[in-house]
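Chain residues, written in single-letter form:
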Amino acid sequence: MSYLERVRTQNPLIHNITNIVVAPFTANGLLALGASPFMAYAHEEVADVAKMSGAVVLNIGTLEERVVEAIRLAGQSANANNVPVVLDPVGAGATAYRTETVQMLIRELRLTVLRGNVAEVSNVIGESWSIKGVDAGQGEGDRIGIAERAAQRLGCVVVITGREDVITDGQTTFLTSNGHALLTQVTGAGCLLSSVIGAFAAIARPGEDLLGSVVEALAFYGVAAEIAAERTADQGPGSFQIELLNQLAQVTPDILAERARVRQIDGG
Ligand code: ATP
Ligand code: TZP
Ligand code: MG
Ligand code: MG
């Protein structure tokens, strides 16, 4: 059974502490995929919600003190209960507050997956890369090297997205090249992807197939975007955004196998 089928069969509960821009889009995307979204922020309940979930997705997009504390409490509970933790360090490097917050989080939490653009991931590990708000700035650095160093330093799977995505555990590295430029015109395309990765991490067997599952999440999301772009070719980002949700529900394991562009570049 593919990881995608496992997500749809197991319907994992995904606890999201995300930003105010993307919450409904993220919940709808997870439902379309076949996962079960749960947005919960209250300090009184986040530990309980994290404990009962298949994965916890932490996103600092519109951070403020109460949200940061909710993220910390949820992450600690997930760690204590062996629930996978995905961190999306939105805008890390754009302000000192964001950079310091992600650095506190990586000190205090054990991450399962870190997913960001190249600037965000660089800034998380103290290698600066220009960033304009929440979008990666221009740069010519070694995206693969940054991802591998981040994975080794944090002891987790790291995903750097862009036109081509890098997925690595620090030893073995994959590139996926599905996707479509229209994804850059939909806010939350990266944030939803981080939650989709959470759903695939939730069904992975710990220590066995996490990396493979995350690679499939990237290919799946990219294929859904490609088909959505084909179906809305004469329209624009609004129609594309809706069709992306449709395709998250409609892409089958066979379509995925036919269209996925995945390349392993290092290791075993
Ligand atoms: P940024 O804020 O820098 O756009 P993000 O958090 O929105 O970052 P992206 O890097 O845009 O995240 O990645 C989100 C999705 O969009 C991924 O599936 C990625 O493969 C895809 N993607 C991003 N840019 C392109 C592109 N130019 N062509 C094809 N796919 C892309
Ligand atoms: N501002 C703060 S969070 C956010 C914006 C526009 C959403 C960012 O979403 P993504 O997925 O990184 O494009
Ligand atoms: Mg983007
Ligand atoms: Mg982002």
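What counts and what doesn't
- Residues numbered from 1 in each chain as written.
- Chains lettered and ligands numbered in written order.
- Predicted model: local features only at pLDDT ≥ 70, side-chain atom pairs only at ≥ 80, totals over all residues.
- Heavy atoms only, no water.
- Buried < 20%, exposed > 50% of the residue type's maximum accessible area, 1.4 Å probe, protein only.
- Helix = DSSP H or I, 4+ residues; strand = E, 2+ residues; numbered from the N terminus.
- Pairing = 2+ DSSP bridges.
- Axes fitted to C-alpha atoms, helices over the stretch in contact; angles between N-to-C directions.
- Parallel < 35°, antiparallel > 145°, perpendicular 65-115°, else oblique.
- Left-handed = near helix turned anticlockwise from the far one by under 90°.
- Contact = heavy atoms within 4.5 Å.
- Nonpolar A, V, L, I, M, F, W, Y, C, P; charged D, E, K, R; others polar.
- Near = heavy atom within 4 Å.
- Polar contact = N/O pair within 3.5 Å; in protein donor to acceptor, adjacent residues only side chain to side chain.
- Areas by Shrake-Rupley, 256 points an atom, 1.4 Å probe, with all protein chains shown as cover.
- Salt bridge = Lys/Arg side-chain N within 4 Å of Asp/Glu carboxyl O.

Colleague: Would you explain the pairing of strand S1 (residues 13-17) in this entry?
Modeller: Sheet faces and side chains relate simply in a regular strand, where the side chains alternate between the two faces. Most of S1 is tucked away, with four of its five residues classed as buried. Inspection of the sheet shows S1 paired to strand S2 (residues 36-39) by four bridges, in the parallel sense. Note on S2: the bridge partner recorded for His-15 is Phe-38. Note that S1 and strand S3 (residues 55-59) share four bridges and pair parallel. Residue pairing for S3: Ile-17 is matched across the bridge by Leu-58.

Colleague: Help me out: how do you make sense of the packing of helix H9 (residues 210-231) against helix H10 (residues 237-250) in this one?
Modeller: A packed helix pair is summarised by two numbers, namely the angle formed by the two axes and the spacing between the axes. The N-to-C vectors of H9 and H10 enclose an angle of 130 degrees; their axes lie 8 Å apart at closest approach. As the angle between them shows, H9 and H10 are arranged oblique. Classified by chirality, the crossing of H10 by H9 is right-handed. Where H9 approaches H10, its residues Phe-220, Tyr-221, Ala-224, Ala-225, Ile-227, Ala-228, Ala-229 and Arg-231 are matched on the opposing element by Phe-240, Glu-243, Leu-244, Gln-247, Leu-248 and Gln-250. Taken together, the residues of the contact of H9 with H10 break down into ten nonpolar, two polar and two charged.

Colleague: What am I meant to see in the site of ligand 2 here?
Modeller: Around ligand 2, the neighbouring residues are Asn-19, Val-21, Val-22, Gly-61, Val-134, Thr-187, Gly-188, Ala-189, Gly-190 and Cys-191. Contact between ligand 2 and Gly-188: an oxygen atom at 3.3 Å from a main-chain N or O atom of the residue. Contacts to ligand 2 include Gly-190, whose backbone N or O atom sits 2.9 Å from an oxygen atom. Burial of ligand 2 by the protein chains amounts to 78% of its free accessible area of 380 Å². Among the residues forming the shell around ligand 2, the class breakdown is five nonpolar, five polar and no charged.

Colleague: I keep staring at the pattern of salt bridges and nothing clicks. Help me out?
Modeller: Any two side chains of opposite charge can pair, on the condition that their charged atoms come close. In the structure shown here, the tally under the stated rule is twelve salt bridges. Between Arg-149 and Glu-127 there is a salt bridge, and its shortest N-O distance comes to 2.8 Å. Here Arg-149, found in helix H7 (residues 143-154), pairs with Glu-127, found in the loop between helix H6 (118-124) and strand S6 (131-132); they are 22 residues apart in sequence, far enough to count as distant. Of the residues examined, Glu-127 reaches a relative accessible area of 21% and is grouped as partly exposed. In this structure, the salt-bridge partner of Glu-127 is Arg-153, at a minimum N-O distance of 3.7 Å. Of this pair, Glu-127 sits in the loop between H6 and S6 while Arg-153 is found in helix H7, placing the two residues 26 residues apart along the sequence. Linked by salt bridges that have partners in common, Arg-6, Arg-205, Glu-208 and Asp-209 make up one network.

Worth remembering: the numbers are spatial, not functional.
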